[in-house]
Amino acid sequence: MRPFAFFAANAVLAASLFSTVSLQAGEPVAVPLSKSVNLEKAIDWREHTIAPVADPILFEDAVIRNEIRPVFGYQNISDDFATQGGDLQVYGMQLRWAATPRFGLMMVKGGWNEFHPGVGPDADGIGDLGVGLKYALIDLPEHQFILTPGVTYEFPTGDEEVYQGNGDGLWNFFVSSQKGFGDFHLQANVGIQVPNDDYWKSTILHYHLQADYYVCSHFIPFVVANGYTVVKEGGAVPLDSEGYDLVNFGSSYADGETQITVGGGFRSHLTSYLDFGFAYTKSVGKKEGFIDDRFIVDFVIKF
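## Re the pairing of strand β2 (residues 86-98)
The element β2 is extensively covered by neighbouring structure, given that 11 of its 13 residues are classed as buried. Pairing geometry for strand β1 (residues 67-76) and β2, over 10 bridges, is antiparallel. Within the sheet, the bridge partner assigned to G73 lies in β2 and is V90. Examined bridge by bridge, β2 and strand β4 (residues 111-117) share 7 bridges and lie antiparallel to one another. Residue pairing across strands places D87 opposite H116, the latter belonging to β4. Bridge count between β2 and strand β3 (residues 103-109): 4 bridges; the pairing is antiparallel. Following the sheet pairing, W97 is matched in β3 by L105. The hairpin turn running from β2 into β3, its antiparallel successor, is 4 residues long.

Okay, structure coming up:
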């Protein structure tokens, strides 16, 4: 199956699932506002916020949105990894649907992976499918603050040739938040990946921080840091580092290993219905492993 056909099939499947759930969704939750608050300003602050670009799988947006998001990622693999370098290309599709102003459903992982190792044969195939939900537990527009816990589940539906399809599924429990200071915004996310079978997958703590500034609708620059720490190693392969977000190897010598990437980029509101995003991140610290550096490009189609 080619990438674009796979994306279309996933989008139709996810849209059908979300439409079914929408029939059961309750009435929108009203957000109380202080009488002293300017209603227009309280509502409009989210229009200047942006969805994260770097690590779109684990760095989940705290704001509940309606969007279809095609994503392309190009990752260089460190020369000290078992593959002796190489690269990984990912053509992904994401879908997020606001069933109510506070409750959202999403497909966060699904796409086509192409792996080109430094040594050994090339491989390509389907990635695992990740779906989930989130709820804006605290939503204070008058204070430009939102706190959103959520959970995703990754089905082992991918191809083993690209290190997918192993184990019995992977949970990701997370909390995302965003705080605005006028046109300056801080976003944070912390979560933990927990496998159903801890032999095939490692248990990984992840944490993310982004700062952005709304210069104008066509240019919102940001800086970002992503971190990952293996809190319980797997047993599937004898590696001393993990893949962290795109791949979970179940490495048997990775206990306690931490990967930090830092970088930046920008997002642009091209139209009221279309955003463009670009991010570049680079591994820092002594342990590079599977991630050396990464480029991500996406489009956000709003509906």
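Moving on, there is more to tell.
## With respect to the pairing of strand β12 (residues 220-232)
Pairing analysis gives 10 bridges linking strand β11 (residues 203-213) to β12, with the strands arranged antiparallel. In the sheet register, H208 faces β12, and the bridge partner there is N226. Where β11 folds back on β12, the antiparallel hairpin that results is connected by 6 residues. Of the strand pairs in this sheet, β12 and strand β13 (residues 258-271) are connected by 10 bridges, and their pairing is antiparallel. Bridge pairing in β13 links A225 to V262.

## Digging into a nonpolar patch on the surface
Side chains of F181, F184, L186, L209, Y213, V215 and F219 sit close together on the surface and give an oily, nonpolar patch of about 640 Å² of accessible area. Elements supplying a minimum of two residues to the nonpolar patch: β10 (184-195) and β11. Note on placement: F184 falls in strand β10. Under the relative-accessibility criterion, F184 is labelled partly exposed at 31%.

## Re the nonpolar core
Judged by nonpolar contacts, the single largest core of 20 residues is most densely connected at F81, L88, F115, Y244, L246, F249 and F290. At the level of secondary structure, the elements contributing two or more residues to this core comprise β2 and β12. Ranked by size, the runner-up nonpolar core spans 11 residues in total, among them I50, V71, V224 and I296.

## Notes on the pattern of salt bridges
Inspection of the entire model under this criterion finds 13 salt bridges. Among the salt bridges present, the one from D245 reaches R294, with a minimum N-O distance of 2.7 Å. Residue D245 is located in the loop between β12 and β13, and its partner R294 is located in strand β15 (residues 293-302); the two are separated by 49 residues in the primary sequence. Its relative accessible area of 3% is what places D245 among the buried residues. Judged by relative accessible area, which is 8%, R294 ranks as buried. The salt bridge involving D275 is made with K302; its shortest N-O contact spans 3.2 Å. With a gap of 27 residues between them, D275 in strand β14 (residues 274-284) and K302 in strand β15 connect regions that are remote in the sequence. The class for D275 is buried, based on a relative accessible area of 5%. Classification of K302 by relative accessible area gives partly exposed; the value is 29%. What emerges from the salt-bridge pattern is a single network uniting E60, E67, R69, R96, K134, R267 and D298.

Reading guide: rules and limits
- Residues numbered from 1 in each chain as written.
- Predicted model: local features only at pLDDT ≥ 70, side-chain atom pairs only at ≥ 80, totals over all residues.
- Heavy atoms only, no water.
- Buried < 20%, exposed > 50% of the residue type's maximum accessible area, 1.4 Å probe, protein only.
- Helix = DSSP H or I, 4+ residues; strand = E, 2+ residues; numbered from the N terminus.
- Pairing = 2+ DSSP bridges.
- Patch = residues over 30% accessible without salt bridge, like charges linked within 9 Å, V, L, I, M, F, W, Y side chains within 5 Å.
- Areas by Shrake-Rupley, 256 points an atom, 1.4 Å probe, with all protein chains shown as cover.
- Salt bridge = Lys/Arg side-chain N within 4 Å of Asp/Glu carboxyl O.
- Core = buried A, V, L, I, M, F, W, Y, C linked by side-chain atoms within 4.5 Å.

Taken by themselves, the reported measurements are silent on function.
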